[in-house]
Every structure is written in structure tokens, then in C-alpha cells.
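Report on the structure
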Amino acid sequence: MRVKNKLRLGFGFLFLVVMFFGASSLFYINQISNSAKGILKDNYESLSYCREMRSLLDDNSLPLAPALDTKFKAALLKEQHNITEKGERQAADSLSATYNVLQASGGSDSKIDTAVKHVRKYLRVVEVINMNAIVRKNDMARTSVDESLTVLGFASLLAFVILFTFAVNFPGFIINPLNRLLTGIRAIGPRNYKERIHFNKDDEFAEVGNAFNEMAERLNEWENSNLSRIMSEKLRIETIIEQMHDAIIGINEKQEILFINTAAKKILSINSDKIVSGTVASISRDNDLFKSIINDSKAGKPFKIVVDGKDSYFQLETREIHVPNMESNISRPLNIAKTSAGKVYILRNITEFKERDEAKTNFIATISHELKTPISSIKMSLKLMKDERVGQMNAEQQQLLEHINDDSDRLLKITSELLELSQVETGNIQLNFIPVDPTKIVDYAIESVNFQAEQKGVKLEVVKDDNLPDVNADVEKTAWVLVNFLSNALRYSSERSKVVIAVKNKGAEVEFSVTDTGKGIEEKYQKRLFDRYFQVPTDGQNKSGSGLGLAISKDFIEAQNGKIWLKSAIGEGSTFAFSLPV
């Protein structure tokens, strides 16, 4: 029999027991109620009518006056309609006859006395009959109550015994198979796949036992299959992750922690109890650093964390976990789709590289500063040598001096850029923010490169919007960026060409751009053009710079909460632009 049917039978039997006990109680309670009604209603009303008639006889002169006679007959009539006991009918009729005799006796005292005696006699007979009936019914009601209490007590005891027996034995019907199943599951836990469960009855528990045995059999097969080796490899990978010095955190698509190694726990100050009992959301509530890493707000730039009382620098890398979509593979086996299964966050410790970079920056700043003095001396010497008062030089000597002067200018520009770069890298860059008219920045930059443009025959054309708002910027640093754009544009523009400087109002920003008509920049180089020390390969006609100008320009603009970008295409020239907030 199925467990469901057994439960229905068991609870159905309990329902019948409760219904039987309730029906018995209602029957005997109704019987007691009926007995009480008989005592309190019928006989009590008969006594009331007799008392009313006796009062009329006692309190008034006889025979009764017409009005009193009417009351007496009304009470007598009610009594005649309320006959409930044996002999009460004859007594009521005799009472009616003697009363009629009393009323017809006229003024004879002897007849009145005789009639009154008979009336009182029959009144007493009616009262005695009803009083005896009350006593008798009371005894019957008590007997009925006693019998009802006995029957109900027996029924209660029987119901209690049945329910107690059911409560003690029935749970075992469910619990015992579950305990056997639990014992089997606990045996499977330590990889005892030989454990089996057998039930003699044909019910759901037997099906569960068969399913358990089948599961154990398959686990036993799995233990000896390639899956076991795969799991061993998984454990090996987890061990490798655990021993890595970089902090590694794995999060699945449900925002649950898959793994987190000791290095990550130490850096983020997360104990194992929080990982076991908490989710990503719960840990993020108490750990701002963990929250910023999970939200990718630390991605890109290095950031500092104090570990063991020492400043350490880390860089966040995020990797998306993709797994094949099996449903998609079934429908389209040649076009394998992948779905996201979570993310891996890697905190690389770059403290050593950061320290080396700072040492490099300090070294560059020192060397650049030291080189400026001898280069300035060389420039001064060149200027003196060009003076005819020192002496005349032939054409070859003049050409050599021009080369030396160009190389000196180039060295001086490189050392200046290196000094600017060292300031940016060390965070010592000083910005003097003031509201300034964008036109003044453009004029300052054009004045700096005007001579160079005239020598090459390049026309500088300014295009600007009317009523330009002021920008909040450092005039010198912003003009330096614009000068760098113009210098590059002049270098790569052909003679007799044109360079356009545009200033446009973009609402909350003002956009500065420099457009040349050079050969343009290949797309593969554009993404790296603002990287430090990167130089676009040249054809030898143009001298290459240091690869620092655009990188420093980017740092200057971003330090002023601006944006910088370029647009270029081969054969169409290039546009370098930046924007600053108004």
C-alpha cells in the first residue's frame, strides 16, 4: 500500500474516532437538556397558574366579581391546556366544576364554604401532582446525567487510548524508514559507496531506497572513472591557487564565492567564517575594500593597501568565466555558444615594480635636471660662435652649427619633458586653477609656434564660437598641451598647408582641437599614441620625438578633469583634441 493511502486511512480513522466521541457527547447533552426543559417549563407553569388562582380566592370576597372571575377562568383555562402529568386532567376538570358551583352558590355562606373547600382541595391536588412530577423528573435527570457522564468518560478514555496509541506508533511508520535512509546517507559521506538500503514494503520508501541504491552504485562507478581524476585535478588547481602570492577571488553568476585564497583573505581582512556563512552582498556590507574590488571600481590604476603595517601596491585584473552552453550545442553543434559563469578577480602585488618605477622617476628627474645646465651652456656657446665678432665661418661650419643647434634644442626639449613627466609620476604636479577665456590659451599657444609656422609656410587658422564661456584651468599647462599639438601638426604638415585650431562651446565643456593635413596615423597605432615612450614609426623625413609629449598632455588634461582624444585616417590628416569643464 502506498504511503499516501496509509496516511489517508490513519487520519480517516482518527477522524471517525473524533466524530464518534463528538456525536455521543451531543446526544447525551441534548438528552440532559430535554430533561431540564421538562422540569423547568411545564410543571413550573402549572404551579404558577395554581398560585394565581389561589391568590384570587384568598385576596377577594367570594363569589368573585366578574372581572376577577374572568382572571380566574383565564388561569384555569391555561392550566387545562398545560396538562402534562397523569391524573392532572381529572383534577383540573374537578377544579373547574367546583369553581362553577362556587360562583353559582349565590349569597349562601354554607354553600360558599363547601365550594371553597372543594376548589382549594383540587388546587392542592394539581399542585401535588406537579410537585411530585418535578421531584420525579429531577431524579430522572440526575440519573440521565450520571449515565451520560459514565458513557462520556468511557468514550473519552477509549478515544484517549486510541489517539495515544496512534501518536506513539504512527510516527515510527514515517521516522523509521527516514532514519534508515539517513544512516545510509551518512555512510555515503565518507565514500562508503557499498552501503545499500532495503525496504520490505512496496511503497514510496521502497522507491526511495531503490533510488538510493542506484545512486550509490553510480557513485561507486564514478569513483573508479575518469571523473575521479578530474576531481583530483580540480583539487590540485585549488591547491595551486591557494599557494599563489597574488590574491585571487572567484565569484559565480549567483554572486556566491567559489574560492578565495589565503593571500586574498589576508589582504582584505576576511576570515573563513564570513566566507562560509556569508554571500558577496553580506561581506560587501562590512568590507568597503572588498566591495570596491567586486564592483571593478579599482580596475585599471594601481592602488595602495596597508598590509602588515607596510604600504603595498596592487593592480586589479578581472577575468570573465565562460562555459559552453550545452542546450545551444544540442541545437547548433557547429556554433558553440558560451554563457558567463562568473568572474575571477586577481590582485597582483606590484609593490616591487612601484618602488622601481619611483626610483626610475627620481633618477630621470635628477639626470634631466643635471643635463639642463650643460645643454644651456652649449646653447650659449653656439650663440657666441654665430656672432661674426668672434670670427667668420665657412658654409660647412655654419651647417655643422645648425645641426648642433637642432640637436641641442631636441635635447633640451627631451629633458624638459622628462622633468614634466617626473612631476606627474611623483604626484608633485602643481596646478593653478583660474577662470580663463579659452581664446587667451589659444593666443598664447599660437604665439609660441608662430615663428616655426612662418618658417615652414604653414597657415594657422583659428575657428571659434561666439561668446565662449570661461574654463576652470591651469593656463600654462593647458597652453603647453596645445603647443605640443601644434608642434606635432607643424612637423608632419607639408609646406604651404594649413593647420586649423578650433574652439567650440559644448555646453558644460569647451572643446579645443588642432587639425592638420598630414598623411594621418594608422589605426593600429592610435590606441597607443598616448602611452609613454611610444613613437609612431617614421619614414626618416621627420625627426622623431621622445614619445613623452602626448603622454604628458594626457596627464595634464585629466588632472584638470578634462578629456583628450584623437581622430585620424590615412591620407586625411589628424585631429588632436581635448575638452575642459566650463
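Preceding block: the structure.
These numbers were taken from a predicted model, which means no experiment stands behind them.

What follows is about the pattern of salt bridges. Tallied over the entire structure, the rule returns 10 salt bridges. A salt bridge links Lys304 to Asp311; its shortest N-O distance comes to 3.8 Å. The exposure class of Lys304 is partly exposed, given its relative accessible area of 49%. Judged by its relative accessible area of 39%, Asp311 is partly exposed. Here Arg319 ties to Glu317 by a salt bridge, and the two come within 2.9 Å at their closest N and O atoms. For Glu317, a relative accessible area of 23% puts it in the partly exposed group. Connected through salt bridges with shared partners, the residues Asp246, Glu317, Arg319 and Arg348 form a single ionic network.

Right, let's talk about the packing of helix α3 (residues 66–80) against helix α4 (residues 88–104) for a bit. With their axes 10 Å apart at the nearest point, α3 and α4 run at an angle of 165° to one another. Of the possible angle classes, the one that applies to α3 and α4 is roughly antiparallel. Crossing of α3 over α4 shows left-handed handedness. Seen from α3, the contacting residues are Asp69, Phe72, Lys73, Leu76, Glu79 and Gln80; seen from α4, they are Glu88, Arg89, Ala92, Asp93, Leu95, Ser96, Tyr99, Asn100 and Gln103. Of the residues assigned to the contact of α3 with α4, the class counts are 5 nonpolar, 4 polar and 6 charged.

With that out of the way, let us pick up the side chain of Glu88. Secondary-structure assignment places Glu88 in helix α4. Every residue in contact with Glu88, bar those within four places of it in the chain, is listed here: Ser46, Glu79, Asn82, Ile83, Val126, Ile129 and Asn130.

What follows concerns unusual backbone geometry. Of note, the amide linkage connecting Leu62 to Pro63 takes the cis form, showing an omega dihedral of -10°. Considering the arrangement of structural elements, one finds Pro63 in the loop between α2 (42–59) and α3. The phi torsion at Arg496 lies on the positive side, around 65°, for a residue other than glycine. Considering the arrangement of structural elements, one finds Arg496 in the loop between α16 (475–492) and β9 (498–505). Even without glycine at this site, Asn561 takes up a positive phi of about 65°. Locating Asn561 in the fold gives a position in the loop between α18 (549–559) and β11 (563–569). Taking the relative accessible area as the measure of exposure, Asn561 reaches 62% and is therefore exposed.

This brings us to the sheet that holds β9. Spatially, β7-β9-β10-β12-β11 is the arrangement adopted by the 5 strands of the open sheet, whose pairing is mixed. The outermost strands of the open sheet, each flanked by one partner alone, are β7 (459–464) and β11. Adjacent strand axes in the sheet meet at a mean angle of 15°, parallel and antiparallel pairs treated alike. Pairing geometry for β9 and strand β10 (residues 509–515), over 6 bridges, is antiparallel. By the bridge assignment for β10, Asn505 is matched with Val510. Where α16 meets the sheet, it contacts β7, β9, β10, β11 and β12 (573–581), and its direction lies at approximately 175° from that of β12.

The next thing to look at is the sheet that holds strand β3 (residues 303–307). Strand order in the open sheet formed by 5 strands is β2-β1-β5-β4-β3, with antiparallel pairing between adjacent strands. Both outer strands of the open sheet, β2 (257–260) and β3, are each paired with one neighbouring strand and no more. With direction set aside, neighbouring strand axes in the sheet form an average angle of 30°. Examined bridge by bridge, strand β4 (residues 310–324) and strand β5 (residues 338–349) share 11 bridges and lie antiparallel to one another. The partner of Arg319 across the bridge, within β5, is Val344.

Conventions adopted
Residues numbered from 1 in each chain as written. Predicted model: local features only at pLDDT ≥ 70, side-chain atom pairs only at ≥ 80, totals over all residues. Heavy atoms only, no water. Salt bridge = Lys/Arg side-chain N within 4 Å of Asp/Glu carboxyl O. Buried < 20%, exposed > 50% of the residue type's maximum accessible area, 1.4 Å probe, protein only. Axes fitted to C-alpha atoms, helices over the stretch in contact; angles between N-to-C directions. Helix = DSSP H or I, 4+ residues; strand = E, 2+ residues; numbered from the N terminus. Parallel < 35°, antiparallel > 145°, perpendicular 65-115°, else oblique. Left-handed = near helix turned anticlockwise from the far one by under 90°. Contact = heavy atoms within 4.5 Å. Nonpolar A, V, L, I, M, F, W, Y, C, P; charged D, E, K, R; others polar. Pairing = 2+ DSSP bridges.

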